[in-house]
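Chain by chain, the residues:
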Amino acid sequence: MAEKSKVPGPKPNDKPLKKSDILKNLSELTGVSKKDAEAVLNALVEMAVAWSPVGFIIPGLGKLVVKERPARTARNPKTGETMKVPAKKALRFTPLKVAKEAAAEAADAYSKAVKKAAKK
């Protein structure tokens, strides 16, 4: 099992992190300026996009890759009409097993905190 994270998780009623929140947390956790943290984050995003056709692995998190989606026939649920959906390339993220387990553990802890807050 992985060591305990020093990154605090969400509390009940927290909203998803925005880029400014991520930069603030990165800056506080690593001791670098927000400007430097933003430069690293932007470079990471650019590298991920550039390398996604062959696969971009973020250690401890997952793999980003472009997948070919074949053409298919779909049905409009409102009208029932069938239509052809063309083939396309889609960006896919596959989390690593360690990341899946850690996320499930964090989700369980969050659910317990929400239930506890609701009882008060």
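It should be noted that the structure appears before, not after, this text.
In this report, we go over the structure that sits alongside the text. All chains use their own residue numbering, which begins from 1 and follows the written sequence. With the structure being a predicted model, the display of local features is reserved for residues of pLDDT at least 70 and the display and counting of side-chain atom pairs for 80 or more, all residues being used for whole-chain, interface and lining totals. Only hydrogens and water are set aside when side-chain values are computed; all heavy atoms of the structure are taken into account.

1. Digging into the pairing of strand S3 (residues 72-75)
Piece 1. At least two bridges found by DSSP between two strands are what make those strands a pair. Labels follow the DSSP assignment, with helices taken as runs of H or I lasting at least four residues and strands as runs of E lasting at least two, numbered in each case from the N terminus. By the bridge criterion, four bridges tie S3 to strand S4 (residues 82-85) in an arrangement that is antiparallel. Bridging from a neighbouring strand, threonine 73 pairs with lysine 84 of S4.
Piece 2. In this antiparallel pair of consecutive strands, S3 and S4, the connection spans six residues, and glycine 80 shows a positive phi of 80 degrees.

2. Side note on helix H1 (residues 19-30)
Piece 1. One less than the number of residues in a helix, times 1.5 Å, gives the span that helix is expected to have. Here H1 spans 16 Å end to end across 12 residues, near enough to the 16 Å set by a 1.5 Å rise per residue.
Piece 2. Within two residues after H1, glycine 31 carries a phi angle of roughly 80 degrees, on the positive side.

3. Here we look at unusual backbone geometry
Piece 1. For asparagine 13, which is not glycine, the phi torsion reads 70 degrees and is therefore positive.
Piece 2. Looking at the secondary structure, you find asparagine 13 in the segment before H1.

4. Quick notes on the packing of H1 against helix H2 (residues 34-51)
Piece 1. Every angle, taken between N-to-C directions, lies between 0 and 180 degrees, and every axis is a line fitted to C-alpha atoms, over only the stretch in contact when it is a helix. Axis separation between H1 and H2 bottoms out at 9 Å; the angle between their running directions is 115 degrees. Two packed elements cross with a definite hand, and for H1 against H2 that hand is right-handed. The residues of H2 that touch H1, namely those facing Lys19, Ile22, Leu23, Lys24, Leu26 and Ser27, are Lys34, Ala37, Glu38, Leu41 and Asn42.
Piece 2. Residues are grouped as follows: Ala, Val, Leu, Ile, Met, Phe, Trp, Tyr, Cys and Pro are nonpolar; Asp, Glu, Lys and Arg are charged; every other residue, Gly included, is polar. A per-class count over the contact of H1 with H2 returns five nonpolar, two polar and four charged. Crossing handedness is read from the near helix: turned anticlockwise from the far helix by less than a right angle, it gives a left-handed crossing, and turned clockwise, a right-handed one. Contacts are assigned to residue pairs with any non-hydrogen atoms lying within 4.5 Å of each other.

5. Focus on a nonpolar patch on the surface
Piece 1. Two joining distances apply to patches: 9 Å for like charges and 5 Å for nonpolar side chains (Val, Leu, Ile, Met, Phe, Trp, Tyr), and every residue must have over 30% relative accessible area and no salt bridge. To measure how exposed things are, a 1.4 Å probe is used in the Shrake-Rupley method; for residues, cover is taken only from the protein chains shown. Any carboxyl oxygen of Asp or Glu within 4 Å of a side-chain nitrogen of Lys or Arg constitutes a salt bridge here. On the surface, a cluster of nonpolar side chains totalling about 230 Å² of accessible area is made up of Leu17, Ile22 and Leu26.
Piece 2. Tracing the backbone shows isoleucine 22 in helix H1.

6. Comments concerning the sheet that holds strand S2 (residues 62-69)
Piece 1. The strand order across the open sheet built from three strands is S1-S2-S5, with neighbouring strands paired in antiparallel fashion. A single partner strand is all that each edge strand has here, and the edge strands are strand S1 (56-58) and strand S5 (88-95). Within the sheet, the average angular offset between the axes of one strand and its neighbour, ignoring direction, is 30 degrees.
Piece 2. Examined bridge by bridge, S2 and S5 share eight bridges and lie antiparallel to one another. The partner of leucine 64 across the bridge, within S5, is phenylalanine 93.

7. What about the environment of arginine 69?
Piece 1. Relative to the helices and strands, arginine 69 is located in strand S2.
Piece 2. For arginine 69 and alanine 87, which are 18 residues apart along the polypeptide, the C-alpha to C-alpha distance reads 5.5 Å.
Piece 3. The contacts of arginine 69, once residues within four sequence positions are left out, are Ala87, Lys88 and Ala90.

8. Some details on the environment of leucine 64
Piece 1. Relative to the helices and strands, leucine 64 resides in strand S2.
Piece 2. Put simply, leucine 64 and alanine 106 are 42 residues apart on the chain and 22 Å apart in space, counted from C-alpha to C-alpha.
Piece 3. Other than its neighbours up to four places away in sequence, leucine 64 contacts Ala48, Ser52, Gly55, Phe56, Leu91, Arg92 and Phe93.

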